[in-house]
Amino acid sequence: MTRRAAIVVLALIAAALVAVAAMAVPSSPIHDKATLGLDLQGGLEVTLQAVPPRDRQLTDDDLKRSVEIMRNRVDKLGVSEPEIRTQGDDQIVIQLPGVDNPEAAAEIIGKTAQLELFDLEADLVPPSIDAQKFPVAKGSIYDLLAGQQSLVKEDAAESWYLFNKQKKLVAGPENSKAKALQKHGGKVPDGFKLFATPPKTVVVSCGADEPVCPGVGQVNPTNESYYLLKYDPPTVPEMTGADLNLDGTRADFDPTTSQPIVLLDFTNRGADRFQEITRAEATRGKLLYNTVGGGQGDADSFNQHFAIVLDREIKSWPSIDFNDYPGGISGDNGAQITGLGDVGEARDLALVLQTGALPVEFVQLDQTAISATLGKDSLQEAKIALLAGLLLVALFLLIFYRFLGLIAVVGLGIYAGLLYAAILLFDVTLTLPGIAGLVLTLGVAADANVVIFERVKEEARAGRSVRAAIAQGYAKGFATIVDANVVTAITALVLFAVATASVRGFALMLLIGTAISMLTAVLATRALLIVLGSFSWIENPRLMGATGGGVPGWLKLDFIGRRNFWFGFSATVMAVALLAIGLRGLNLGIDFEGGTQMTFSTPQPTSLEQVRTEAAQIGQADAVIQGRGASTNDSYEDFSIRTESLTQAEVRELQSSLTEAVDAQAFGVKNVSESFGGQIANSALLAIFVSLLLICAYISLRFQWKFAVPTLVALAHDVIITVGIYALVGREVTTATVAAVLTVLGYSIYDTIIIFDRIRENMPIMRKASFRVIGNVSLWEVIPRSLATTFITLLPISCLYLFGGDTLKDFAFALLVGIGAGAYSSIFIAAPLLAVFKEREPEYRRRKDDTEELAGLQTVGGALVVEPGEEALAEEAEDLVAAAAPVPSPSPASPAQPAASSSSSARREKRRQRRSTKPHGRAR
């Protein structure tokens, strides 16, 4: 890059930063702000899975129509910037940021809205109707179906239900026996009961929150009631939602009682059908009054009813007075649903009916509800972690790289501005994992500068002028940066392709940050240095941190020669990790096993025992309850409760109980089905496998397959150790853990590529050296750089662990362990294993007798300590190290350097001539 080009680059960057600043100013005409995700502002995320109809295959049109209906419902809820999209072949993901009542919204958007209108008494079957044709309610599905199993025909059953020993429903309703037993290996467990509905019948409920239910002799019943009705479409039910005029269906108030109602407006066919049904009910009611009642007494008790059933729940069952309407009720004026709890319920019910029925039934796979308070706290914690990470990285660069560090800090500022612009321009939704990705990319951006600056310092120590060192450092470091960042991008792309929505935010930020970090490292900071290179003061090596002898003596170990020790140590650690995984197992979170996890906080420290007592009182005695954060006498302010999957009603009951007992607040609820957990687990394994495959392919193309195999072994080493430590300490494994493991793959290979790149560079230079010497010299040269990149990456991750919330802590823990293991495996596993493969090649086999040439050599303070009789060996090692260094070029600013270089060359030539007449080492 010429100085003119550098000035143009800096001018463009300055203009871009001015535009970014303008976007950040609220009064600016181009002001914009980042979109916050659900976990940072509160809201709801739901994953729904379509259930294929029994009579046909699920189609793309079914999903498209369902998305359209759900979007109409969300629009009527008034949610800003909702996201509704399909996922896979049969799933829909709905994100509603900032919604005030996540639970209510979840019920509305996923409601099938299967509106059915039954002639109640005519359609009830035993045991739900008595001999006098009056409804009979049952208190449980078990009691309803227990006496009907002799009538069941397996191929004709509409629904299947599985009950445990306590007669509690554990699975169902499912449309097949196999699905009802799916969680139990296809067999009915001992003591369990599997019931099905008799042919052409269906179970319908009446909620405990309804004013009155059929066959229940009390107002406002306290328990759910269940009934068995005929079900033989299109005859029964007599009418469906298809008979409604959606435009005329609306919420209203009863003019006589002022109670909320929903008005139903029928189509022409629906109106005629409604009158036919009510006429039959009036006729039947009068007949019962005359025959059963003898024409005496209360005639109203013999009135028949028209049941309005929504999603198999009786919402209203108005009576048809045979005295007032002997010919039935005309449907021209519609009908109404009464007995609703409040205006909100009437509005929500009308909303579902107005948008029409979903074409297929949906089951909920995953639901995450986060309160606005919890989101605000998470955002504040993430901000602290981000700022602390940025500050520590800047201090490290300034202390260890001086003027170059100042340039790197300026580059980080440019990086931060461009990253903010990318977030706004691409409308990236910031999530908690996404901010974790932002913090991590600070290390990515700094690493790229470290790789280049270490190169610059090497060139300066070798005798080049500072200007020439800068040029050579960027030229030689570029390939290493590209290789390392491409591998990081591969893992981010794989993670984005297969991960769940929340983890995709992390993958996207890591991908964007990696791209921008390359831009700032190879373009922005280089342009700065080229422009500043015109000043004479930049030629001071001390200012650049390029003084000193380079690699400290204590690092000059025989890494390659001691490989058996390293391999044995790593094998022992991996064996312990595998034993921990096999014996202790992993503490899989609900992301993988399914269930309900609720988090909340209390204003004052509350004991775990008190929370357990409250959970047990509502039937959650088996719940796993943990305190989070700081503890005071076994009391906490933050808690996590994990149970089997709860219904919306059970979640509300638990929340209400905790709020009343311990003043719980800031609730967060995550509900994952077991099937969805299995899907996530499979996706995680696929992501790791595909990442390893792509990394292997890339390394093989850029280097050769013998470089790829040690890389894969080192990656497997890092993953096993990371997962093993999770098993040992019992930390919960979540989707964030999978993201961290994939990130570990990228960062582990980052260090490995730095080492392999130097080995590849030294191989043609050190043409007579054994691979043991080449490997050791290469490691000596790059270990400071490798350790610096590892340390500078661990700095922001440590901030995530110390200052981030619980989600960020789990993520950071995996990264701390994995990146530490990766730094070890790159030096002690990958490079020595590469030597094993390369020494088998004919070229290096011929040099095998020289593999002892570093034996006995030790270093103290950077100087070689030579044993008696090994002077020739010492001289050979010095020559090999010198051969790896770039040849200095003359510089006008350093007139003494050419002479020094010439003197050094003369000394090396003299030693070569002396050794040519005095062979050393083993006989060939």
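You'll find the structure just up there.
Procedures and definitions
Residues numbered from 1 in each chain as written. Predicted model: local features only at pLDDT ≥ 70, side-chain atom pairs only at ≥ 80, totals over all residues. Heavy atoms only, no water. Helix = DSSP H or I, 4+ residues; strand = E, 2+ residues; numbered from the N terminus. Buried < 20%, exposed > 50% of the residue type's maximum accessible area, 1.4 Å probe, protein only. Contact = heavy atoms within 4.5 Å. Areas by Shrake-Rupley, 256 points an atom, 1.4 Å probe, with all protein chains shown as cover. Phe/Tyr/Trp six-rings, centres within 6.5 Å; stacked < 30°, edge-to-face > 60°. Axes fitted to C-alpha atoms, helices over the stretch in contact; angles between N-to-C directions. Parallel < 35°, antiparallel > 145°, perpendicular 65-115°, else oblique. Left-handed = near helix turned anticlockwise from the far one by under 90°. Nonpolar A, V, L, I, M, F, W, Y, C, P; charged D, E, K, R; others polar. Salt bridge = Lys/Arg side-chain N within 4 Å of Asp/Glu carboxyl O. Disulfide = S-S within 2.5 Å. Pairing = 2+ DSSP bridges.

### Focus on the overall build of the protein chain
A tally of helices and strands in the protein chain yields 25 helices and 27 strands. The buried share among the 924 residues of the protein chain stands at 51%. In the protein chain, once contacts between residues fewer than 6 apart in sequence are set aside, the share between residues at least 24 apart is 76%. Total accessible area on the protein chain is roughly 40800 Å²; 56% of this is exposed by carbon and sulfur atoms.

### So, the environment of Ala242
Mapped onto the elements, Ala242 comes out in the loop between β11 (239-240) and β12 (250-253). By relative accessible area, Ala242 is classed as exposed at 64%. Between the C-alpha atom of Ala242 and that of Gly270, which follows or precedes it by 28 residues, the distance is 8.2 Å.

### Regarding the packing of aromatic side chains
For the structure on display, the rule yields 18 aromatic pairs. An angle of 65 degrees between the planes, with centres 5.9 Å apart, marks the rings of Tyr289 and Phe302 as edge-to-face. Of this pair, Tyr289 sits in helix α8 (residues 268-291) while Phe302 sits in the loop between α8 and β14 (304-310); the two residues are 13 residues apart in sequence, bridging distant segments of the chain. As far as the burial class goes, Tyr289 and Phe302 line up, both buried.

### Notes on the packing of helix α14 (residues 563-583) against helix α19 (residues 705-729)
Viewed as axis vectors pointing N to C, α14 and α19 meet at an angle of 45 degrees, and their least axial separation amounts to 8 Å. In terms of their interaxial angle, α14 and α19 are classed as oblique. The hand of the α14/α19 crossing is left-handed. Within the contact between the two elements, α14 uses Ser570, Val573, Met574, Ala577, Leu578, Ala580 and Ile581 and α19 uses His717, Ile720, Ile721, Val723, Gly724, Ala727 and Leu728. Class assignment of the residues belonging to the contact of α14 with α19 gives a composition of 11 nonpolar, 3 polar and no charged.

### Comments concerning the pattern of salt bridges
For the structure on display, the rule yields 15 salt bridges. In this structure, Lys706 and Glu841 form a salt bridge, with 3.1 Å as the shortest nitrogen-oxygen distance. A residue pair is termed long-range when its members are at least 10 positions apart, and Lys706 in helix α19 and Glu841 in the loop between α22 (806-838) and α23 (842-846) qualify at 135 residues. The same class applies to Lys706 and to Glu841, which are both buried. A salt bridge links Glu841 to Lys838; the shortest N-O distance between them is 2.8 Å. Note on accessibility: Glu841 and Lys838 belong to one class, buried. Here the residues in one salt-bridge network are Lys706, Lys838 and Glu841, joined through shared partners.

### Some thoughts on the state of the cysteines
Evaluation of the coordinates by the stated rule reveals 1 disulfide. What pairs with Cys206 in a disulfide is Cys213, and their sulfur atoms sit 2.0 Å apart. An S-S torsion of about -80 degrees defines the bridge between Cys206 and Cys213 as left-handed. Summarising the burial analysis for this pair, Cys206 and Cys213 share the class buried.

### Here's the deal with the pairing of strand β13 (residues 260-264)
With 5 of 5 residues buried, β13 lies mostly within the body of the structure. What you see with β13 is no split at all: Pro260, Val262 and Leu264 on one side and Ile261 and Leu263 on the other are buried throughout. Counting the residues that bridge the hairpin from β12 to β13 gives 6 residues, and of these Ser258 lies at a positive phi of roughly 65 degrees. As defined by bridge partners, β13 adjoins strand β17 (residues 335-337) across 3 bridges and the pair is classed as antiparallel. Considered in β17, the bridge of Leu263 is made with Gln336.

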